[in-house]
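# Structural overview
Listed here are the chains, written in short residue letters.
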Amino acid sequence: MEKVTFEIFRYDPDKDKKPYYQKFSVEVREPGMLLLTGLNQIKWEQDTTLSFRRSCREGVCGSDGLNINGVNMLSCITRINDLGGKHFVIQPLPGMPVIKDLVVDVEDLYTKFITVKPYLIRKSSVPDIEFYQSPEDRKKLDGLYECILCGCCSSSCPSYWFDKKYLGPSALIRAWRYLSDSRDEGADERLPVLNDKHGVWRCHTIYNCVKACPKELNPTQAITGIRKMLMDKQF
Amino acid sequence: MSVKIEKHTYDVVIVGAGGAGLNAAQVASQYVKTAVIAKVYPNRSHTISAQGGVAASLGNEEPDNWHWHMFDTVKGGDYLGDQDACEFLCRSAPEMVRELEHMGMPFNRTKEGKIAQRPFGGHTSNYGQKPVRRACYVADRTGHAMLQTLFEKSVSQGTQFYSEFYALELVTTKGAVNGVLCFDMKDGSLHMFHAKAVIMATGGSGRVFMTNANAHINTGDGIAMTLRAGFTWSDPEFFQFHPTGIYGHGNLITEAVRGEGGYLLNGNGERFMERYAPTIKDLAPRDIVSRCMTREIIEGRGAGPNKDHIKLKIDHIGAAAIMEKLPGIHELALTFTNVDCIKEPIPVIPTSHYQNGGIATNYLGNVITGGKGSYETVPGFYAAGECSASVHGANRLGTNSLLDLIVYGRTTGELAAKYAKENNIVDMDENAGKTGLELLNRLANANGKHTFSEIYNKMAVTMHQNVGVLRNGNNMEKAIKDLKEARDMMKDYRVTDRSSVYNLDLIEALEIENMLLVSRIIADAALSRKESRGSHYRDDYPDRDDANGQNHTQAFLEPDGSTRLDYRSVRTTPLTVPTFPPKARVY
């Protein structure tokens, strides 16, 4: 049976002075075996002390963003054989404090998400039935609402690493999802938060977020959309 | 593990942050101080995986009304659902779905801009005549869009979240529920939440079966905690197996594939559902389709070299329709089976999916003491969503789960807030938290031999083989014996990790402890029900027995650790309309 090596970042603040890497041999027991299956294999058969997050195991809950050989991805929808090679260095998402092993502190991600007022803001009245929204207007939300808040994008962004106040691509694509919604009337409340050197202007169009997004969304385009909206409002 | 316990006081505490918990939270937070405790961040809850839609008789695409929806729900549940609850659910649906839309949920639209609707299994017009477009949807990511919307709404209402807090004990004092003991998974600290009212919204326990469509987190923690606190699990034996799990994995392929025109083929290339359900064919309810698929496989008409699965064909609706309405399915089938469903059919098998039963509740979501004929409500205690029971009976219809979340989330949120405003907090007695602490200490220091995977595999395999889609007395007795052995192994358990920080070894120990209780009760209840009804099908008792069987099983955990079953009659009188009496369930 084909075997591969997972070289995993380990750190338990209760007992380790500093992090270290531990190698595990993983059997690829079926074609198309997923990285998460490999991690579970280690946890269930070799070392029960390994900690990582996982839940839905199908790429929608966003729990298991990890850095594999330097690239952020979700372990549950990444097939080992698709990555090429037999040696995988598995690390927690970069740019976020490590709690234990592969588990990072995501509070900053959520705090910034909340900062952009990620909900429909409505000032005029609400109809008795649903809001009418044309299929064309609804289509503007495609490529935005599918975000699963896994943090793979922000964690891959040098501006997010460097500027602790930067909202980051994850929060900004959420802001654009609501700014793009024909039912929303919250632009005046949301834009001042975004029009800041720690807001959309901190993005240097490095495109790491686009490459990292496991749902193939485009946060950079969302940031550009917000910038254009800001310019249109000013001039 | 520290013995210091930090205390928090809230009006309403909600355990679980899926659709039900978050809808309860966004409502209760408008009136009173509300906290949500959950073992994952809210947007990681399993509602995120719901795909196909949420049922409401909006009539946007063709004529529909809530009474037809109610009929389908009662019949779909094989006449085991409480009909007052079925009426409440279906009558409330249009208003609740519109409320979600007003919050910003990005529903697909009709040409006129209304919420688009698609057909779904068991949903019909005119009391069973033909399939009806009743499922409101967001592509095949309806649960994802709903959970996000409700999370964001509760954020805007100022709900306090305690994420990655694992609940250990539901605290009761003098018959009232008044708190929850938890520990913070991130640092191991203990927290006692003292509350005027508690809402359980902890979801299901589908992980107890080996092939399942559930997330790692669906381990029945809420059910187990409620049983340990002395309350009732209603109808545990009715576990839904979804027909279309991905072959070899169990992950869900939504029924919306069939709603959009897909159909099932056996190994001979035959569209076999036409034989079993001539009127609505592949859109028969899930229990029926799962059984028919299993029959086809057992009788040698399965697909593939081992004739062990069924094919789900959708390519004929065309690439554009697939990419617009079922993009997530296209992606899942590619990732898990290497099948491009635009070109070829997806290999599928029935997969454990949904706990039809749950904590015994009345039609408003008040938890009731249960037992023989009792509808007495428990002060300050509510349950909503998959962990609760009253509407779905012996088999839930597709898209009624997301409806259950929003209807019972809202209702329990309102009731709990009202209760909290009108009542004083009940002081905790000196034993509060003792059971939870004992459980935690026992497992955190477990120094025996067996680990999670050995016990989990033993339990989940026997549940799958012997308490699955087709059951009989001999197999279930075998399962009960295997489960006893698994529980004996649990007495000699080992947790190697001694860390106070994100100790997943300890979390899995707590989860397997809960799953062993849950699986034991499912198997006991299944063996005791000597008839076939909805998702509970026995070869040795193939017929429904309305004289003896139209009863809710009531399961209890006794203080000495034994379990006990009792029965409570189904409420057959709706709120305002005549009863739907039991009829043969043909489609």
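Residues numbered from 1 in each chain as written. Chains lettered and ligands numbered in written order. Predicted model: local features only at pLDDT ≥ 70, side-chain atom pairs only at ≥ 80, totals over all residues.

Before going further, it helps to examine the overall build of chain B. Counting its secondary structure elements, chain B contains 16 helices and 20 strands. The C-alpha atoms of chain B give 22 Å as radius of gyration, which agrees with the globular expectation for 587 residues (25 Å, within 12%). If you line up chain B on its principal axes, its C-alpha atoms span 65 × 50 × 50 Å. By residue count, 66% of the 587 residues in chain B fall in the buried class. (Helix = DSSP H or I, 4+ residues; strand = E, 2+ residues; numbered from the N terminus. Rg over C-alpha atoms; globule rule 2.2 N^0.38 Å. Buried ≥ 20, exposed ≤ 12 C-beta atoms within 10 Å, placed from the backbone.)

In this section: the sheet that holds strand 13 (residues 310-313) of chain B. All names here are of chain B. Taken in spatial order, the 4 strands make up an open sheet running 11-14-13-12, and their pairing is antiparallel. Across the chains shown, the open sheet's two edge strands, defined by having one partner strand only, are strand 11 (239-246) and strand 12 (263-265). Adjacent strand axes in the sheet meet at a mean angle of 50°, parallel and antiparallel pairs treated alike. (Pairing = 2+ DSSP bridges. Axes fitted to C-alpha atoms, helices over the stretch in contact; angles between N-to-C directions.)

On the side of chain A, 41 residues touch chain B, which itself brings 46 residues to the contact. Contributions of two or more residues to the side of chain B that touches chain A are made by helix 3 (83-103), helix 4 (142-156), helix 10 (327-337), helix 13 (452-466) and helix 15 (504-528) of chain B. If you tally residues by element for the side of chain B that touches chain A, the top one is helix 4 of chain B, at 6 residues. Residues belonging to the side of chain B that touches chain A are distributed by class as follows: 14 nonpolar, 19 polar and 13 charged. (Contact = placed C-beta atoms within 7 Å. Nonpolar A, V, L, I, M, F, W, Y, C, P; charged D, E, K, R; others polar.)

Considering soluble globular proteins, one finds that nonpolar side chains tend to be buried as a cluster. Residue and element names in this part refer to chain B. Counting residues in each nonpolar core, the largest one holds 248 residues, and the members touching the most others are Val 12, Val 13, Ile 37, Val 180, Val 198 and Ile 199. A per-element tally of this core places helix 15 first, with 16 residues. Those residues in contact with Val 12 that lie beyond four places of it in its chain are Ala 28, Val 32, Thr 34, Ala 195, Lys 196, Ala 197, Ile 199, Ala 416, Ala 417 and Ala 420. (Core = buried A, V, L, I, M, F, W, Y, C linked by C-beta atoms within 7 Å.)

All names here are of chain B. With 7 of 9 residues buried, strand 7 (residues 165-173) is to be regarded as a mostly interior element. Here strand 7 pairs with strand 8 (residues 176-184) via 8 bridges, running antiparallel. Within strand 8, the residue paired with Thr 172 across the bridge is Val 177. Adjacent in sequence and paired antiparallel, strand 7 and strand 8 are bridged by 2 residues, among which Lys 174 carries a positive phi angle near 50°.

So, about the domain arrangement of chain B. Bring the parts together and some accessible area is lost; that lost area is often taken as the interface size. All names here are of chain B. Partitioning chain B into structural domains gives domain 1 (242-352) and domain 2 (434-545). A C-alpha centroid distance of 29 Å is found between domain 1 and domain 2. Contact with domain 1, which involves 5 residues of that partner, is made by 5 residues of domain 2. The element best represented in the side of domain 1 that touches domain 2 is helix 8 (residues 286-298), accounting for 4 residues. Taken together, the residues of the side of domain 1 that touches domain 2 break down into 1 nonpolar, 2 polar and 2 charged. (Domains from an automatic or database assignment.)

What follows covers the pairing of strand 3 (residues 65-68) of chain A. All names here are of chain A. Where strand 3 and strand 4 (residues 71-74) come together, 4 bridges link them in antiparallel fashion. The residue of strand 4 that forms the bridge with Ile 68 is Val 71. Linkage of strand 3 to strand 4, two consecutive antiparallel strands, is achieved through a turn of 2 residues, within which Asn 69 is found at a positive phi near 45°. In the sheet, strand 3 pairs with strand 5 (residues 87-91) via 2 bridges, with the strands oriented antiparallel. Its bridge partner lying in strand 5, Ile 68 is registered against Ile 90.

Attention now moves to the packing of helix 1 (residues 19-28) of chain B against helix 4 of chain B. Residues and elements named next belong to chain B. Two elements in contact, helix 1 and helix 4, have axes separated by 8 Å at closest approach and are oriented at 30°. Classified by the interaxial angle, the pair formed by helix 1 and helix 4 is roughly parallel. Relative to helix 4, helix 1 is oriented so that their crossing is left-handed. Contact residues: helix 1 offers Gly 19, Leu 22, Asn 23, Ala 25 and Gln 26, while helix 4 offers Met 146, Leu 147, Leu 150, Phe 151, Lys 153 and Ser 154. (Parallel < 35°, antiparallel > 145°, perpendicular 65-115°, else oblique. Left-handed = near helix turned anticlockwise from the far one by under 90°.)

Bringing the domain arrangement of chain A into the picture now. Residue and element names in this part refer to chain A. On domain assignment, one finds that chain A holds domain 1 (3-104) and domain 2 (107-234). Using only C-alpha atoms to locate each centre, domain 1 and domain 2 end up separated by 29 Å. Of the residues lining the interface, 13 residues belong to domain 1; the matching set on domain 2 comes to 11 residues. Each residue belonging to the side of domain 1 that touches domain 2 can be placed in one class, and the counts come to 8 nonpolar, 5 polar and no charged.

In this section: unusual backbone geometry. All names here are of chain B. For Lys 174, which is not glycine, the phi dihedral falls at a positive 50°. The topology assignment puts Lys 174 in the loop between strand 7 and strand 8. Judged by the 9 C-beta atoms lying within 10 Å of it, Lys 174 falls in the exposed class.

Moving on to helix 10 (residues 219-234) of chain A. Residues and elements named next belong to chain A. The end-to-end C-alpha distance of helix 10 is 23 Å, a good match for the 22 Å that 16 residues give at a rise of 1.5 Å each. When helix 10 is considered as a whole, its buried residues turn out to be Pro 219, Thr 220, Ala 222, Ile 223, Gly 225 and Ile 226. Close packing links the buried residues of helix 10 with helix 5 (152-155), helix 7 (168-179), helix 8 (187-194) and helix 9 (208-212). (Expected span 1.5 Å × (residues − 1).)

Right, let's talk about the environment of Gly 549 of chain B for a bit. All names here are of chain B. As for its placement among the helices and strands, Gly 549 is situated in helix 16 (residues 546-549). The spatial distance from the C-alpha of Gly 549 to the C-alpha of Tyr 276 is 24 Å, given a sequence separation of 273 residues. Residue contacts for Gly 549: discarding those within four places in its chain leaves Arg 529, Glu 531, Arg 533 and Arg 544.

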